[in-house]
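Structural overview
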Amino acid sequence: MSKKLITLMSLLLVMAIVVTGCSSPAEPEAPAETPGAETPAETPAGEKILRTNNSSEPGSLDPALAQGTHESWILSNTFEGLMTYDAEGNVIPGIAEDYTLSEDNLTYTFTLRDAKWSNGDPVTAHDFEFSWKRALDPDLAADYAFQLYYLKGAEAYNTGEGSVDDVMVKALDDKTLEVTLEAPTGYFLELTAFYTYYPVSKNVVEANPDWAKEPETHIGNGPFKLTTWEHNAYIELAKNENYYAIDQINLDGIHFDIIEDENTAWQKYEGGEYDILATLPQAVAAQMAQENNPELVIGSQVGIYYYNLNSEVVPFNNAKVRNALSMAIDRTTIVERITQGGQLAAEGVVPVGLTDETGAEYRDKVGNLVTEDAAAAKALFEEGLAEEGMTIDQFNNAGFVILFNTLEAHNKIAQAVQEMWRTNLGINVNLENVEFQVKLDREKAGDYQISRGGWIGDYMDPMTILDLWLEGGAFNDAGYANPEYDKLILEAKGTADQDIRFNNMREAEKMLMEDMAVIPIYFYTQPYAVKSNIEGIYKLPIYYPTITYADIK
Amino acid sequence: MKRYLLKRLAMSIVTLWAVITITFILMHSVPGNPFAAESKMPKVVYENLQAKYGLDKPLTEQYVIYLGNLLKGDLGDSMKSRVETVNDMIERGFPVSARLGLQALVIAICFGPALGAFAALYQNKFPDYISMIIAIIGISVPSFIMGTVLIQFVARNVEWLPVGGWGEWRHTVLPSIAMAMMPLATMARLMRSSMLEVLGQDYIKTAKSKGITRAAVILKHAVRNAILPVISVLGTTISNLLVGSFVIEKIFGIPGLGMFFIKSINNRDYTLIMGTTIFYAGILIFMLLLVDIAYMFIDPRIKLTKEGR
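Residues numbered from 1 in each chain as written. Chains lettered and ligands numbered in written order. Predicted model: local features only at pLDDT ≥ 70, side-chain atom pairs only at ≥ 80, totals over all residues. Heavy atoms only, no water.

In terms of regular secondary structure, chain A is built from 19 helices and 19 strands. Here the C-alpha radius of gyration of chain A, 27 Å, is about what a compact globule of 553 residues would show, namely 24 Å. By principal-axis analysis of the C-alpha atoms, chain A measures approximately 90 × 80 × 45 Å. Burial analysis of chain A (553 residues in total) assigns 57% to the buried set. Surface accessibility of chain A: about 21,400 Å² in total, with carbon and sulfur atoms responsible for 49%. Seen as two clouds, the 37 positive and the 88 negative side-chain charges of chain A have centres 4 Å apart. (Helix = DSSP H or I, 4+ residues; strand = E, 2+ residues; numbered from the N terminus. Rg over C-alpha atoms; globule rule 2.2 N^0.38 Å. Buried < 20%, exposed > 50% of the residue type's maximum accessible area, 1.4 Å probe, protein only. Areas by Shrake-Rupley, 256 points an atom, 1.4 Å probe, with all protein chains shown as cover. Lys, Arg positive; Asp, Glu negative; His and termini not counted. Charge placed at Lys NZ, Arg CZ, Asp CG, Glu CD.)

Okay, here's the thing in structure tokens:
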């Protein structure tokens, strides 16, 4: 017996040695494979490197080609536009030192400060002219080119009907940029802080069209510069010694991991590997909130979660039916029991956090436009249904469905709404979860009855939400069509008179909610976690937390 | 042998072509497209993008263009990344996945068959039960649970290894173990049953009666014959491991090829879907061919000549 055992043990030992032998060569290879790898232990003493996770690989670090948060969080540290925001969310001069606006509110003339690119070259007005025209070039096929359509001639050029020479952005000299708009735009300065409006270096881009692909050739004008980009693994930024306001920057660099799994990222934050984590798993945020964990910050967000009702489908074409469905939803329960991330029950479609013409909170004047009244909802629902010649039984037999993309949070909210409608209105709807792309496809094709929707604003103005429901709009999946609404919105879009603009927007939002074009559920928030030794991080409603001015104590 | 190889090669090319064609058709018949998004993108911008990637052309024309480019080794531009082409992505992602896969393979090959052999030699005794419990855990626990458990106990509780990320050798240890568990368990079970069968054969008894030591009987006669079924699963196991696991790569934040499989489908990134599928199919077909050849060397009764077996 002992002999057998010895044989087997020897066999296993040999195997184990083989394993060790096979695996060990990988060890010395590692440093060669990742020359830029940096771990907390390797950070030189005294260097302040902020560590965090950017939850997705950027599709590009060229501002013209950026499409979303996972790009803009990095770009906002490596570039700066004509204007930027302060910690309070006020738009303030960035690369522009000053500007003037013509009397007809159409022509802005920006004067640039002495700013430099990260390679030491001066940032000139010619760079801005070049960048904006480049972003509009149809051959570049930039997804976000339409953000520049406010410029005169921009849309025509981008759509192939006009010439680049007719795009009204012009460098009068190295320091002066003249921009003429199609129509007065009350929030144009805010737009110049958006990433599509960031400049790129004319000399660098013309010399090398692939400049943005490698850190060695990536040139920016922001507080930090790109030093390492290991695709899908991590991105590193270092302080840009050529930045004009370098004295405001406390960090030596920022390390962004690229880990898509929220739970893994959270484990790394919890284990002390990150200083800030901007995307928290929903359950974690809820638990931190319950525990009053001081590391949790409920950041504001310009975003609305809502349900589309397909106005082409009977009885959802009836405003009474739509209103009754909205009245039968208890939003407080949804935000307090399901989402649990400090979200606010929706009071309309324009989220909290945007200011009006007086600088006060926009929602203050417009008030709560959402009524919740389960008892009244039932009567109104039956009335609306009767108008469409339908009974409750017929409604229930029609097999209406709430469509949402596969995500646990959407599922839970849909279940809650389903139950609220069953209890309060006595109706049955089914739930259907599909892949995100399939949901988009079905919405665009009008192949749905009720569907989950959401929108996060691009700029700090109620218009970023309100113009979604213009008739024929690309995102108007509910098919809302109201000429009065369109008139108010288009007038607001075409005037620089802030009183008219905001009055119109308030009226339009009231109209939208009277018609209940979509059923608003809640206003998004962005809960994030910051370690207690980190200072200087703040959150603007349309951006990820600003980490540019952070300090590590 | 030569003729067999040529025949197999021709069959491989036909198989690959079939995979390409079927994937191309299926991909375009699934709802959605790479540029559909919850955004306000105007129609013209959308059309610009369609034109840039040739999606405005008829499907047959797109197919012919794709095959033409493929013959030149060009898998096209990714429709989501403006930084890398599909060739770049595979070139970068494959070594990462392959390294993890090879480490996992080594773990599986070293411990799987050994565990199975050990269990067979001690059939229905304590070591057998322990080995088979390990095998059952390996087979029945999905890799994402295995990964999460490893993260919790090895990385979080005792902090021996990092939770996730990429850059150093220590980042590869937990994902390799998590990936190895399933093939390790499969091999252990196959080896056990095959070993039990072999041990009951007459030639083993003959060998024993000749006075050959037990170790020599086991190693020279039993293991050599019992390992055949394990070899037969190696082809698929290796190709599965080499191209990475979406789940493991996602959980551990690894920049490998596995991530691209699911992400490309979710994003409807047509060129990346095609590229990763063709790459995986190519590896699988090649591995199956190698396994057939390996068989021939291990078991001389298997002939690959025109006479067949």
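The subject of this paragraph is the pattern of salt bridges. Residues and elements named next belong to chain A. Evaluation of the coordinates by the stated rule reveals 38 salt bridges over all chains. A salt bridge links K175 to D114, with the nearest nitrogen and oxygen atoms 2.5 Å apart. With K175 in the loop between β6 (169-173) and β7 (176-180) and D114 in the loop between β5 (107-112) and α4 (125-136), this residue pair connects regions lying 61 residues apart in the sequence. Taking the relative accessible area as the measure of exposure, K175 reaches 29% and is therefore partly exposed. (Salt bridge = Lys/Arg side-chain N within 4 Å of Asp/Glu carboxyl O.)

This paragraph deals with the packing of helix α10 (residues 228-242) of chain B against helix α13 (residues 270-298) of chain B. Residues and elements named next belong to chain B. Viewed as axis vectors pointing N to C, α10 and α13 meet at an angle of 160°, and their least axial separation amounts to 9 Å. One element, α10, and the other, α13, form an angle in the roughly antiparallel class. Of the two possible hands of crossing, α10 and α13 adopt the one that is right-handed. Contacts between α10 and α13 involve L228, I231, S232, L234, G235, T236, I238, S239, N240 and L242 from the first element and Y280, I283, L284, M287, L288, V291, A294, Y295 and I298 from the second. (Axes fitted to C-alpha atoms, helices over the stretch in contact; angles between N-to-C directions. Parallel < 35°, antiparallel > 145°, perpendicular 65-115°, else oblique. Left-handed = near helix turned anticlockwise from the far one by under 90°. Contact = heavy atoms within 4.5 Å.)

Moving on, we come to the sheet that holds strand β1 (residues 49-53) of chain A. All names here are of chain A. Taken in spatial order, the 4 strands line up as β1-β10-β9-β8 in an open sheet, and their pairing is mixed. Only two strands of the sheet have a single neighbouring strand rather than two, namely β1 and β8 (224-230). For this sheet, the mean inter-axis angle between neighbouring strands, taken without regard to orientation, is 15°. Sheet topology places β8 next to strand β9 (residues 234-239); 6 bridges connect them, and they run antiparallel. Paired with F224 across the bridge in β9 is K239. (Pairing = 2+ DSSP bridges.)

Bringing a nonpolar patch on the surface into the picture now. Residues and elements named next belong to chain B. On the surface, a nonpolar cluster with roughly 350 Å² of combined accessible area is contributed by F144, I145, V149 and F153. Along the chain, F153 falls in helix α6 (residues 143-157). Here F153 falls in the partly exposed class, since its relative accessible area comes to 48%. (Patch = residues over 30% accessible without salt bridge, like charges linked within 9 Å, V, L, I, M, F, W, Y side chains within 5 Å.)

Attention now goes to the side chain of T23(B). All names here are of chain B. Along the chain, T23 falls in helix α1 (residues 2-29). A polar side-chain atom of T23 sits 2.5 Å from the main-chain carbonyl oxygen of V19. Each residue touching T23, except ones within four places of it in the same chain, is listed here: I273, M274 and T277. (Polar contact = N/O pair within 3.5 Å; in protein donor to acceptor, adjacent residues only side chain to side chain.)

In this section: the packing of helix α4 (residues 86-121) of chain B against helix α7 (residues 170-199) of chain B. Helix-helix packing is characterised by the crossing angle of the two axes and by the distance between the axes. All names here are of chain B. Packing of α4 against α7 brings their axes to within 5 Å, and their N-to-C directions diverge by 30°. For the pair α4 and α7, the crossing hand works out as right-handed. In terms of residue class, the contact of α4 with α7 is built from 24 nonpolar, 6 polar and 2 charged. (Nonpolar A, V, L, I, M, F, W, Y, C, P; charged D, E, K, R; others polar.)

Another point: the pairing of β1(A). All names here are of chain A. With 5 of 5 residues buried, β1 lies mostly within the body of the structure. Neither face of β1 is left uncovered, since the one carrying I49, R51 and N53 and the one carrying L50 and T52 both have all their residues buried. Judged from the 5 bridges that link them, β1 and strand β10 (residues 253-257) form a sheet pairing that is parallel. Paired with T52 across the two strands is F256, which belongs to β10.

Our next topic: unusual backbone geometry. Omega for the peptide link from V314(A) to P315(A) comes to 10°, which places this bond in the cis form. You can see P315(A) is positioned in the loop between β12 (296-309) and α10 (319-327). Here A141(A), not a glycine, exhibits a phi torsion of approximately 50°, which is positive. Tracing the sequence through the fold places A141(A) in the loop between α4 and α5 (154-158). Exposure remark for A141(A): the relative accessible area of 3% places this residue in the buried category. Phi at R268(B) is positive, roughly 55°, even though this residue is not glycine. For R268(B), a relative accessible area of 2% translates into the label buried.

Turning to the nonpolar core, a few remarks are in order. Grouped together as the largest cluster of nonpolar side chains are 250 residues, with contacts concentrated most on W132(A), F188(A) and W421(A). A per-element tally of this core places α4(B) first, with 16 residues. Setting aside residues up to four positions removed in sequence, W132(A) forms contacts with L82(A), L148(A), L151(A), V169(A), L177(A), V179(A), F188(A), T192(A), T196(A), Y197(A) and Y198(A). By size, the runner-up hydrophobic cluster in this structure holds 12 residues, among which are I259(A), Y269(A), M288(A) and A529(A). (Core = buried A, V, L, I, M, F, W, Y, C linked by side-chain atoms within 4.5 Å.)

What follows covers the environment of L59(B). Residues and elements named next belong to chain B. Following the sequence through the fold, L59 ends up in helix α3 (residues 59-71). In this structure L59 comes out as partly exposed when scored by relative accessible area, which is 41%. Considering only alpha carbons, one finds L59 and I25, 34 residues apart in sequence, at a separation of 8.8 Å. Excluding residues within four positions of it along the chain, L59 makes contact with F24 and H28.

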